[in-house]
Amino acid sequence: MAKDPKFTAGEITKIAYYTARMAKRGIAGENVHIGDLTRKVDRIIDGAREREAREAIEAAEAEKAARKAKFRK
């Protein structure tokens with residue numbers, strides 16, 4: 001399993017909300033479908049991974065630009 005990224009406060013809140021809804025449906029019975037909520041949580045996790053990768057690329061580009069600016073002086 002892939003390592004989970006660092007979540008923002010909004011992402012943590014959404015995951016907690018969907019988890020609580022899954023628990024509520026679980027109390028209702030074994031035959032209750034929770035697949036829609038698990039997909040929503042998976043989508044939030046995937047979005048956080050994409051955001052973290054994008055931020056890493058942007059940080060690397062900013063560092064590269066800073067080194068170029070330092071070298072030009």
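What counts, and where the lines are drawn
- Residues numbered from 1 in each chain as written.
- Predicted model: local features only at pLDDT ≥ 70, side-chain atom pairs only at ≥ 80, totals over all residues.
- Heavy atoms only, no water.
- Helix = DSSP H or I, 4+ residues; strand = E, 2+ residues; numbered from the N terminus.
- Expected span 1.5 Å × (residues − 1).
- Buried < 20%, exposed > 50% of the residue type's maximum accessible area, 1.4 Å probe, protein only.
- Contact = heavy atoms within 4.5 Å.
- Arc of directions from axis to C-beta.

Peer 1: Mind showing me how you'd approach helix H2 (residues 35-72) here?
Peer 2: For an α-helix, the turn length of 3.6 residues means that residues three or four places apart are oriented alike. Over its 38 residues, H2 extends 56 Å from the first C-alpha to the last, a length consistent with the 56 Å expected when each residue adds 1.5 Å. Within H2, the full set of buried residues consists of Gly35, Leu37, Val41, Ile44, Ile45, Ala48 and Arg51. Among the structural elements, helix H1 (9-28) are those in contact with the buried residues of H2.

Peer 1: Looking at this structure, how should I read H1?
Peer 2: Here H1 spans 29 Å end to end across 20 residues, near enough to the 28 Å set by a 1.5 Å rise per residue. Buried within H1 we find Glu11, Ile15, Tyr18 and Met22. End-on view of H1: buried residues confined to an arc of 70 degrees, all on one side of the axis. Away from the buried face of H1 by more than 90 degrees, exposed residues Ala9, Thr13, Lys24, Ile27 and Ala28 are located. Packing partners of the buried residues in H1 comprise H2. Positioned one or two residues after H1, Gly29 has a phi angle of 155 degrees, which is positive.

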